[in-house]
Amino acid sequence: MSEKSNLRQAALDYHAFPKPGKLEIRATKPLANGRDLARAYSPGVAEACLEIKDDPSTAALYTSRANLVAVVTNGTAVLGLGNIGPLASKPVMEGKAVLFKKFANIDCFDIELDQPDPEKLADIVCAMEPSFGAINLEDIKAPDCFTVERICRERMNIPVFHDDQHGTAIVVGAAVTNALYVANKKFEDIKIVSTGGGAAGIACLNMLLKLGVKRENVWLCDIHGLVHTGREIDMNPIKSEYAQDTDLRTLDDVIPDADLFLGLSGPGVLTPEMVGEMAKRPIIFALANPTPEILPDLARAVAPDAIIATGRSDFPNQVNNVLCFPFIFRGALDVGATTINDEMKIACIEGIAALARATTSAEAAAAYQGESMTFGPEYLIPKPFDPRLIGVVSSAVARAAMETGVASRPLDDLEAYKQKLDGSVFKSALLMRPVFEAARASPRKLVFAEGEDERVLRAAQAIIEETVETPILIGRPEVIQRRIEQAGLNLRLGDNVDLVNPENDPRYRDYWETYHNLMCRRGVSPDIAKAVMRTNTTAIGAVMVHRGEADSLICGTFGEFRWHLNYVEQVLGRGGLRPQGALSMMILEDGPLFVADTQVNLHPTPEQIVEIACGAARHVRRFGIEPKIALCSQSQFGNQGDGTGGRLRKAIRMLDDAGVDFCYEGEMNIDTALDAELRERQLPGNRMEGAANVLVFAHADAASGVRNILKMKGGGLEVGPILMGMGNAAHIVSPSITARGLLNMGAIAGTPVAHYG
């Protein structure tokens, strides 16, 4: 079987299995008994109906309408396929709905209508207004799409957005903005030659005019040649607005000295010879799919300095509407916008363009491994999987909607809204907010033992951007510098980030002498101390903290936890500091669950269990959460004399005697800890209300096993492990940690802990 046949079958299988199609409907409310049924349908549903009848705006509160978009088409101009009809277009529309859900958590129904007449099609769309918060028109041929959108926008009081037009125009606008920045050119000065007079092409030109391009500098060509005054063939009022009063007639005639070629036409339209006649540092947007107007290698053979974008994912600078439509709809829906106006579109452009000029996110880099993601000729716009898009773009759109008076539900706090959006993609963002706020008020120095690791470098970049902390990297400068450049980061060694070179550092003598003085009575000779300070970055970082040159050490991105713990304890386990346990925050769909001790004490004594519980309570409160600690065992409230139950029962008695200020209960099974009704049946009147949010175990294997199951099978995101008892002098992470996880640990390490948490 050929490769093409294999790809075709794989695509068909993707759509067919495990169930046909790409969408399903899921209920958001329980329907498990008669009481649920009475509230979901008759008679309870009448109450919601009457509320909406009295106040239509409450539909946003009692129904899904405010988060529901219709993707509507008649299948007359499906991308790359043409007029295939509404039924055959359904896979495309289902795919669009999936993108809405994936990138912006917007629910979506695909609606394929067998109606070629644009005015009748508009009538049908307008009649659907009560069902949806917004309409996304898709794959309707030009000029019918202009008619449908105009009628719908005039008659409907919700956003109507033809993505083929405006989505393409927005992403092109962002890409051109940055291309001009790279080429050192200005909108008002450039000459544009465009091929393709369809909906997308015209919309792109209209948007470029709004960004500052002069109409007299736009030359539009289609299959019949230049659009010029007096031309009658294949003209319409919208295309006529770009007619030039000239004797020139062909693309060959008008391409000389063009700064920007904008192609939304077909393969091979732009020849290498034409590229050679364009202005210096030409900008070429060859956006035809699947084959562009000119292939990038052919263009660069003539103009090596050309800045090129295509519509394909296998070349740099893919102009992809998914950079726009999920996020412009997200912002519009969240403020109850009655339309999507030009100001909202330009806000979207500015947000996308600015994000590309910023340093790239670790998550996007992980999704596009091997691709250059440093702003420049081959990275003009962000990648679709950049998780920062929703926060940056949607909040900018919401702001523009409010400032222009089209928001029916304006937001009180845009910054809080942006943080909420970030929290929807960065699961730790909302929970980490109080920690980051504290870290911003506490300038501390954080030393990273594995400074050559790309995750550490990305975390260091984020720490600089989001906190007032100073990262210190331990590693070889030439390796670190090379990886900074490869990742496109704005880290400057010796400027915004400090460096320790274990192979050649002027402080080497001070470090090995310090380590030797600490360890000379524990079998460490001067020669061993010298070797350790040349090769062991964890020990180097610990010595820096001991000497006061850093406030906290973060290590463990590779290697075994207890190996790192040995050096941390050797150097920093003094003056009341000693490792008491490791606490992991697992962020689950229904909230956080803390697990301890996963690493430090294999078989903790009752005294150590008390320390673990007290330390966990202090750290949980750092996240603005009141701890409810369950001491977990196979034993249930004294029903087993053997195993871990005895140690936990003794720890409970010690906590009782200590009069601690947090809620705790045990010993009990995990299900009893998390199910209040079950716990009440097992021990009526127990001291805990609701589900426990901290699980403390009397065996590290149990704690570690629960943590890993939650992470690998439960979809949990780990923040930690937090090394308790060390007063933030050191934290040992796990090798699976991400750059975002390291940023979180940096914020935790950057916040002072009272009473040596």
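To be clear, the structure that these remarks concern was listed above.
Let me begin by describing the structure that accompanies this report.

Definitions and limits used
Residue positions are counted from 1 within each chain, in the order its sequence is given. Reporting in this predicted model follows two pLDDT cut-offs: at least 70 for local features of residues, and 80 or more for side-chain atom pairs to be given and counted; totals over whole chains, interfaces and linings ignore these cut-offs and use all residues. Side-chain figures throughout are based on the complete set of non-hydrogen atoms in the structure, without hydrogens or water. For our purposes a nonpolar core is just a set of buried Ala, Val, Leu, Ile, Met, Phe, Trp, Tyr and Cys residues, chained together by side-chain atoms within 4.5 Å. Only protein chains enter the accessibility calculation, which uses a 1.4 Å probe; a residue is then buried when its area is under 20% of its type maximum, exposed when over 50%, and partly exposed in between. For helices the rule is a DSSP run of H or I covering at least 4 residues; for strands it is a run of E covering at least 2, with both sets numbered from the N terminus onward. Any pair of residues with heavy atoms lying within 4.5 Å of one another is described as a contacting pair. Stacked, edge-to-face and tilted labels apply to pairs of Phe, Tyr and Trp rings (six-membered ring for Trp) whose centres lie within 6.5 Å, assigned for plane angles under 30 degrees, over 60, and everything in between, in that order. Only lysine NZ and arginine CZ atoms are considered, and such an atom sits over a ring when it is within 6 Å of the ring centre and within 35 degrees of the ring normal.

### Here we look at the nonpolar core
Ile135, Phe285 and Ile352 are the most contacted members of the largest nonpolar core, which totals 101 residues. Here this core gets ten residues from one element, more than from any other, and that element is helix α8 (residues 163-183). Setting aside anything within four residues of it in sequence, one finds Phe285 in contact with Val172, Ala175, Val176, Ala179, Leu260, Phe261, Leu262, Gly263, Ala309 and Leu380. Counting 58 residues, the second-largest nonpolar core is a separate cluster that includes Ile609, Cys614, Phe662 and Ile722.

### Topic: unusual backbone geometry
The peptide bond linking Ala142 to Pro143 adopts the cis configuration, its omega dihedral lying at 5 degrees. With omega at 0 degrees, the peptide bond leading from Asn289 into Pro290 counts as cis. Looking at the element boundaries, Pro290 is found in the loop between β9 (283-286) and α13 (296-302). One non-glycine residue, Asn105, lies in positive phi territory at about 55 degrees. Structurally, Asn105 is set in the loop between α5 (90-104) and β2 (107-112). Unlike most non-glycine residues, Asp234 shows phi in positive territory, near 50 degrees. Residue placement: Asp234 occurs in the loop between β7 (225-226) and α10 (237-240).

### So, the packing of aromatic side chains
The tally for this structure, following the rule as stated, stands at eight aromatic pairs. With a centroid separation of 4.9 Å and 65 degrees between ring planes, the pair formed by Phe100 and Phe325 is classed as edge-to-face. In this pair, Phe100 is assigned in helix α5 and Phe325 in helix α14 (residues 325-334), connecting sequence segments 225 residues apart. Relative accessible area serves as the criterion here: at 2%, Phe325 is assigned to the buried category. Ring centres 6.3 Å apart and planes at 85 degrees place the aromatic pair Phe109 and Phe132 in the edge-to-face group. Of this pair, Phe109 sits in strand β2 while Phe132 sits in the loop between α6 (118-127) and β3 (134-137), placing them 23 residues apart in sequence. Phe109 gets classed as partly exposed once you look at its relative accessible area, which sits at 38%. Owing to a relative accessible area of 5%, Phe132 belongs among the buried residues under this scheme. The side chain of Lys96 reaches across the aromatic face of Phe325, ending 4.2 Å from its centre. Over the face of the ring belonging to Trp219 we find Lys191, whose NZ or CZ atom lies 5.6 Å from the ring centre.

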